[in-house]
Amino acid sequence: MAEVLVVTSGKGGVGKTTSTAALGAALAQTGQNVVVIDFDVGLRNLDLVMGAERRVVYDLINVVQGDANLNQALIKDKRVDSLSLLPASQTRDKDALTAEGVERVINELKGRFDWIICDSPAGIERGAYFAMRHADLAVIVTNPEVSSVRDSDRIIGLLDSKTEKAERGETIEKLLLLTRYDPVRAERGDMLKVDDVLEILSIPLLGIIPESPEVLKASNLGSPVTLANPISAPSRAYLDAARRLRGETIEMTVPTEKRGLFGSLFGRRAA
Amino acid sequence: MPPAAALQIVPNTPEPEGKRRQVRFRGRSFMALVLTPEPPTEDWLAELDALAARSPGFFGDRPVVLDVSAIKASPRTLAALLGQLESRGVRLIGVEGCDPKFLDGPNARLAMPVGGRAAGELSAPEPGSVATGSLVVEQPVRSGQTISFNGDVTICGSVASGAEVIASGSIHVYGALRGRAIAGSAGNAKARIFCRKLDAELLAIDGVYMTTERLDPKLKGKAVKAWLDGENLRVDALD
Ligand SMILES: Nc1ncnc2c1ncn2[C@@H]1O[C@H](COP(=O)(O)OP(=O)(O)OP(=O)(O)O)[C@@H](O)[C@H]1O
Ligand SMILES: [Mg+2]
């Protein structure tokens, strides 16, 4: 059964696109068939982070509107065979998305992939709504600061009411991905601590991704960080998160750049 | 059918110089139907007509909020849809889910203020049971949500920053209260607010409100009760 996962946050610039690419690549490296979809119509980014910007011919809007089929629009990753990208359109805007069109595309993808990962735009408008609409599972990307946490809380409320699953009376699974986490600054009190964020949002923790220059380096190379430098601290955190998504139980740590040295935080497990 | 809440801010008559001015803050809550048209709009309107035929007076003079986020509304199609609803006697108090600029002319007043929309996505009381009673909310109240109820409200989890609970009776929060709690909203000086961990943005009882700035910092994070002592809102630890 295909899992539809939305990567969302409410607040902009917290690491949704980075996380979509990193988790998508990490899942694909374990042999899963993965497609990542960019719902940020008009401000597409995922193609750049994946290094596929020169290969985009057709996009999500073309498929939604029936002007192209999926075979024409899907871009296969050159590094990992089982990873594909469905890019957004840079020239159109979110009004070009339609409910029926998006539903048809998701249903078609369900027949072909194990994971359908939707990179949501920031905000709570149309694009974010369509990205979460069909999700079974949501990864809430949050930075350890109050505005990001509050926006995440808002998004969780919307996930519990505006998704198809919620409307059927089921609950959508929500997992917290704490990104750009700096243990030193958290200790100094410049940032919220992991426990504070968990207490406010009260959803299970999927992973803690440390702040690291490796992320920007990878995106400049046009590669998901988990492929660009798999032993870097953020990559190890994303690889662990991907294994938790597959149902494995892995101790929660904040990897640091010193190899082999894991800052063990606590024995909390993701649900 | 989420409830919509309207808050009225009622300024007091000006007080003599030197005396603290108090702004009264009354909440009024009522049920509003939220209609969410789905494409194709013609079919949806036909459904609506069928519903109206089955239950005459269903819309009556009940306020209605139109959520157009599921349809591809342009200024023109939106105006047409509003006309269709008006001709059916539907009383719109607001439109959400589209660019407010799409609402022009006489329809401009229908634009819902950004962030001020009454979300109320959690369990809403059935119209029949609105009288008085108690509402128990099992889930946390998330930022942007409004729980509005005619009676007492018990929240098992927390109330987030940017969320609000409005009750004509008392409010009990068993988690942290980080948002707003407005008790005795329809005029009830005996209503109280209880919470296990106080970090509220605003407390109000019977129109008398207090923001956290004016709260004793020692009470932050404590289990407290709030009640009205004449014209003063008092907050004290529960021990
Ligand atoms: N763990 C990290 N360490 C350092 N920088 C990071 C980390 N995660 C993300 N960034 C940087 O933060 C910026 C925003 O990241 P990204 O584009 O993934 O966010 P987004 O949530 O998708 O943004 P938008 O809301 O605009 O779509 C980028 O410059 C990215 O390189
Ligand atoms: Mg992005």
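Criteria and cut-off values
- Residues numbered from 1 in each chain as written.
- Chains lettered and ligands numbered in written order.
- Predicted model: local features only at pLDDT ≥ 70, side-chain atom pairs only at ≥ 80, totals over all residues.
- Heavy atoms only, no water.
- Helix = DSSP H or I, 4+ residues; strand = E, 2+ residues; numbered from the N terminus.
- Buried < 20%, exposed > 50% of the residue type's maximum accessible area, 1.4 Å probe, protein only.
- Contact = heavy atoms within 4.5 Å.
- Areas by Shrake-Rupley, 256 points an atom, 1.4 Å probe, with all protein chains shown as cover.
- UniProt positions renumbered as here; feature names shortened; annotations may be inferred.
- Polar contact = N/O pair within 3.5 Å; in protein donor to acceptor, adjacent residues only side chain to side chain.
- Core = buried A, V, L, I, M, F, W, Y, C linked by side-chain atoms within 4.5 Å.
- Buried area = accessible area lost by both parts, 1.4 Å probe.
- Salt bridge = Lys/Arg side-chain N within 4 Å of Asp/Glu carboxyl O.
- Pairing = 2+ DSSP bridges.
- Axes fitted to C-alpha atoms, helices over the stretch in contact; angles between N-to-C directions.
- Arc of directions from axis to C-beta.
- Near = heavy atom within 4 Å.

Asks: Could you give an account of the overall build of chain B, naming the residues involved and the relevant values?
Replies: Helix and strand content of chain B: two helices and 16 strands. Taking all 239 residues of chain B together, 44% fall into the buried category. The contacts of chain B with a sequence gap of at least 6 include a subset with a gap of at least 24, amounting to 39%. In the structure as shown, chain B presents an accessible area of about 12000 Å², 52% of it carried by carbon and sulfur atoms.

Asks: Describe in detail the UniProt feature "binding site: ATP" (unreviewed entry) in chain A, supporting the description with residues and values.
Replies: Residues and elements named next belong to chain A. UniProt's entry tags Lys11, Gly12, Gly13, Val14, Gly15, Lys16, Thr17 and Thr18 with the feature "binding site: ATP" (unreviewed entry), counted in the numbering of this structure. Assignment of secondary structure puts Val14 in the loop between strand E1 (3-8) and helix H1 (16-29). Its place among the elements puts Lys16 in helix H1. Taking relative accessible area as the criterion, Lys16 reaches 7% and is therefore assigned buried. In contact with Lys16, other than residues within four places in its own chain, are Val7, Thr8, Ser9, Lys11, Asp119, Ser120, Pro121, Ala122 and Val141. A polar contact of 3.1 Å, which involves the side chain of Lys16, links it to the backbone oxygen of Lys11.

Asks: Go over the nonpolar core, please, and point to the residues and values.
Replies: Burial of nonpolar side chains together is a common tendency in soluble globular proteins. Residue and element names in this part refer to chain A. By size, the foremost hydrophobic cluster in this structure holds 54 residues, and its most contacted members are Ile37, Phe39, Leu86, Leu97, Leu109, Ile116 and Cys118. Each residue touching Leu109, except ones within four places of it in the same chain, is listed here: Val35, Ile37, Leu70, Leu74, Leu86 and Ile116. One finds Val49, Leu83, Ile117 and Ala218 within the second-largest nonpolar core, a separate group that totals 38 residues.

Asks: Go over the interface of chain A and chain B, please, and point to the residues and values.
Replies: Between chain A and chain B, the contact holds 20 residues from the first and 21 residues from the second. For the pair chain A and chain B, the summed buried area comes to about 1600 Å², and 42% of that belongs to carbon and sulfur atoms. When residues of chain A are sorted by the area they lose upon contact with chain B, Arg150(A), Asp153(A) and Arg154(A) head the list and together hold 30% of the total. For the salt bridge of Glu199(A) with Lys197(B), the shortest nitrogen-to-oxygen distance reads 3.3 Å.

Asks: Which residues make up the sheet that holds strand E8 (residues 205-210) of chain A, and what values go with them?
Replies: Residues and elements named next belong to chain A. A sheet is described by the order of its strands in space; here eight strands give the open sequence E3-E4-E2-E5-E1-E6-E7-E8, paired in mixed fashion. The outermost strands of the open sheet, each flanked by one partner alone, are strand E3 (75-76) and E8. The strands touched by helix H5 (residues 99-110) within the sheet are E1, strand E2 (34-38), strand E4 (83-86) and strand E5 (115-119), with E5 carrying the most contacts at an inclination of about 145°.

Asks: Quick one: what's the story with the pattern of salt bridges, residue by residue and with numbers?
Replies: Per the stated rule, a full pass over the model turns up 20 salt bridges over all chains. Glu170(A) is the partner of Arg168(A) in a salt bridge, and the nearest nitrogen-oxygen pair spans 3.0 Å. Assessed through its relative accessible area of 52%, Arg168(A) is described here as exposed. With a relative accessible area of 36%, Glu170(A) lands in the partly exposed category. With a shortest N-O distance of 2.6 Å, Arg88(B) and Asp49(B) are connected by a salt bridge. Taken together, the residues Arg88(B) in the loop between helix H2 (75-87) and strand E5 (91-96) and Asp49(B) in helix H1 (residues 41-54) connect sequence positions 39 residues apart. Classification of Arg88(B) as partly exposed rests on a relative accessible area of 28%. Put simply, Glu199(A), Arg178(B) and Lys197(B) are held in one network by salt bridges that share partners.

Asks: Account for helix H10 (residues 194-201) of chain A, with residues named and values stated.
Replies: Residues and elements named next belong to chain A. Within H10, the full set of buried residues consists of Val194, Val197, Leu198 and Leu201. For H10, the arc enclosing every buried residue in end-on projection is 95°, short of the 170-degree limit, so these residues lie on one face. Buried residues along H10 sit against strand E6 (137-142), helix H7 (146-162), strand E7 (173-181) and E8.

Asks: Go over the site of ligand 1 with me, naming the residues and quoting the values.
Replies: All names here are of chain A. Close contacts around ligand 1 come from 16 residues, with Lys16, Thr17, Thr18, Arg180 and Ser212 the closest. Take Val14: an N or O atom from its main chain is 3.2 Å from an oxygen atom of ligand 1. Contacts to ligand 1 include Arg180, whose side-chain N or O atom sits 2.9 Å from an oxygen atom. Surface burial for ligand 1 is 81%, taken as the share of its 640 Å² of free accessible area covered by protein chains. Among the secondary structure elements, those contributing two or more residues to the shell around ligand 1 are H1, E8 and helix H11 (213-221). The biggest single contributor to the shell around ligand 1 is H1, with three residues.

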